[in-house]
Amino acid sequence: MTSHRDPSMNVQAAPDSFTAIGGTARQASNSTHSGVSRAPPSRSTRKWRGKLSKLLELPLDLIFMVMESLEARDLLSLARTSKTFRDILMDRRKGPPLWRSAIANTVGLPQCPPYMPEPAYVNLVYCNHCHECLRNNVTVVYFQWGVRYCKRCMPKKIIDLQDVIGFLDEVRKTTGVDRPLYVWRGELHAVEFETYLRSWQMLAGDDEGRKRLAKSSAEHVALRQQHAWAYMQWKDDVAKLRKAERESLKATRLTAIKERLKEAGYTDELEAITDVEFADQPFANKPALLTDRAWGNIRVDACRFVEERWKLHLRRERHKVIKPRIHMFDKVFECWLRDWDPNKYDPEDPKAIQRMKPGDFLMMKEAQLVLEAPPQSIIVPGSFDSPHASLREIVGRWYDACKASLNALLRTALPNLPEHVDPVSLAICSFDCVEPHCSQKFMNYPDVLEHRCRGIRVKNKELSYSSIVQELLSDEHRPLAWDVSHVRVNSRVLAHHAGAIVRACGSDPFAASPRDLDERSMRMICAACVERDGDTTMRSEVFDWRRAMHHQATLRHRDAPCRWIVLPNGTTAKVRAVERLLRDDPKGRRSVRVVFLCKLGCHSLAFWDFDDLISHSLKRHGMQGNLIIDEHFVEAPVEVDDGLLQGMFIRVTRSGDVQVLPRSTR
């Protein structure tokens, strides 16, 4: 009877024991295609070199007793320490019992498959080198094929099932065997397939021989599948055991950290922190015992974390107390608005209290005493009525404080202002929102107090009363309390540029207020922006003093003041007549402004100030020097509901006829 060799026996990781144990290092040194170079021994490795040399002086029976007590991984390492140990363990008569004993000593490790030598089996399980290129740290084991492959070699050592489905159909029709080869996730091992293909071709014309070959190969596939599942189950058990060990070490470490923190005086603070919050921290989420040295390295981080969590806990507790009281104050504030009599405060400014928001009153000491009362205190709406100060006094105190902070801001930004003037009351002094993407610019006092930008968020969340109130208002998307840090002095129109506009209106720049210029109601045109349509028609945009400020800040005029031409009284009267018609039209109060869009990958960001665009280009894109229009940025007109008129155009013919046209019809 003719016997046929099982082709699957040639698919294993190592053809002989030498390759499995001793050949790895030598092959690595002789390999020319792997690109792997051997690193020099580390200091920790050199200090142990030669320590096992005395072991060889022991009697041989003691050496065998030591080897029989080792686990499989340790025996594999011992076989690679010296030629003497390798010769002993690779001896075909003495070696197998030692390897079987080592496998039995390893908890849960399945027995060696009958189709694989014990050294090759242990090498496959524990040696983390690629079986093709000898790269290190290869963790994936293809036990069903008896190999380890790295990510680079794996595509070259597998065959897609669809590429050989025709050959497998031929085998099925010829032999009636469905699975002559091991298919794993739609792939076959190239070595196994090529070996089987050669054996199949050698049996051409011998149908009985091919049937025996397919049947023998299928039986071997079933045997390998059985051992592969056993190996994978063992790997899962080992992973679970290691995970449990790591979790146990982490729990022990966490307990030790807490004990250290209690010794440092953080007993109360630890009660507000859960184990889950602790476990997320890098200093606690380590599977290692806490030694004195380790505690010294992490003590600062641990104390900082506890203090931050304690502050967060205190903030949350204060939120629970203050938040419902703020909602109660909202109803009180509505009553204050209804009962407010502007004639008793400032008849010329009826919007005095409307500019204030609930958050502004909450920052007053009268409201703070109520909101910070002990949790057990009974708070009713009448608690917010101050017995020491009237509502008029509270409003006046708020305006005085805001005015003083704005004056200080102006004095710092414009140090050349005369000492005798009140800077905040001047028309030449205006403010912008600090948010670069906010359209609110050129805000004069007191209108600047009405601005509450939704783009400003509370960043510094501290334990102070003001920080907590601002945080609660921000979380509910309500207007924040006004703060001078939310605005900046407008730098696009310097004092002498704005002064040219005020002088064109016939007023003193260091005396005229916004109300003074509004009452003069003068209109002007920019001499540099006059458009000529042939020789008979002149066309130009008309500005009041507020829109003139915006025009002065455009790129065309930002470096030098415009030359303003004041319109005659008759032409001004015609312009104002058209303006009165537009005031009744909602679209008429939407002015057209120019924004700057970054073309360096940030098209969605609109900058209302060119200086903000310059800062953005430097910080985000590293652009230094001049920015070129249409290359680094573009200008885009945008309609803004800022209360300013959309703008008039006058058309003057050679005969002197004047036509006034809105922007939309020019």
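Up top is the structure these notes are about.
Cut-off values and rules
- Residues numbered from 1 in each chain as written.
- Predicted model: local features only at pLDDT ≥ 70, side-chain atom pairs only at ≥ 80, totals over all residues.
- Heavy atoms only, no water.
- Helix = DSSP H or I, 4+ residues; strand = E, 2+ residues; numbered from the N terminus.
- Contact = heavy atoms within 4.5 Å.
- Buried < 20%, exposed > 50% of the residue type's maximum accessible area, 1.4 Å probe, protein only.
- Pairing = 2+ DSSP bridges.
- Axes fitted to C-alpha atoms, helices over the stretch in contact; angles between N-to-C directions.
- Parallel < 35°, antiparallel > 145°, perpendicular 65-115°, else oblique.
- Left-handed = near helix turned anticlockwise from the far one by under 90°.
- Nonpolar A, V, L, I, M, F, W, Y, C, P; charged D, E, K, R; others polar.

Considerations on the environment of Ser617
Along the chain, Ser617 turns up in helix H23 (residues 610-621). Residues Ser617 and Cys598, spaced 19 residues apart in sequence, show a C-alpha to C-alpha distance of 7.9 Å. Ignoring sequence-local partners within four residues, the contact set of Ser617 consists of Gly622, Met623 and Leu627.

Considerations on helix H18 (residues 465-475)
An α-helical segment advances 3.6 residues per turn. Residues three or four places apart therefore align on the same side. For H18, the buried fraction is high: 9 of the 11 residues fall into the buried class. If you check which residues of H18 are buried, you get Tyr465, Ser467, Ile468, Val469, Gln470, Glu471, Leu472, Leu473 and Ser474. Residues of H18 that are buried in the fold lie against helix H14 (292-339), helix H15 (358-362) and helix H16 (365-371). A positive backbone phi angle near 55° is found at His477, which sits one or two residues after H18.

Side note on unusual backbone geometry
Residues Tyr445 and Pro446 are joined by a peptide bond in cis, for which omega reads 10°. Positionally, Pro446 belongs in the loop between strand E6 (431-433) and H18. Of note, Arg185 is a non-glycine position whose phi angle comes to about 55°, a positive value. Relative to the elements of secondary structure, Arg185 occurs in the loop between strand E4 (183-184) and strand E5 (187-189). Take Arg185: its relative accessible area is 71%, and that puts it in the exposed class.

Let's talk about the sheet that holds E4
An order of E3-E5-E4 is seen for the 3 strands of this open sheet, with the pairing classed as antiparallel. Strands with a single pairing partner mark the edges of an open sheet, and in this sheet they are strand E3 (158-160) and E4. Examined bridge by bridge, E3 and E5 share 3 bridges and lie antiparallel to one another. Along E5, the bridge assignment pairs Asp160 with Glu187. Contacting E3 and E5, helix H10 (residues 190-202) crosses the sheet at an angle of about 70° to E5.

Looking at the packing of helix H9 (residues 165-175) against helix H11 (residues 207-263)
For the pair H9 and H11, interaxial distance at closest approach is 9 Å and the crossing angle is 110°. In terms of axis orientation, H9 runs roughly perpendicular to H11. Note that H9 runs across H11; the crossing there is left-handed. Between H9 and H11, the residues in contact are Glu170, Val171, Thr174 and Thr175 and Asp207, Arg210, Lys211 and Ala214, respectively. By residue class, the composition of the contact of H9 with H11 is 2 nonpolar, 2 polar and 4 charged.

Interpretation note: all reported values are geometric properties and have no functional meaning in isolation.
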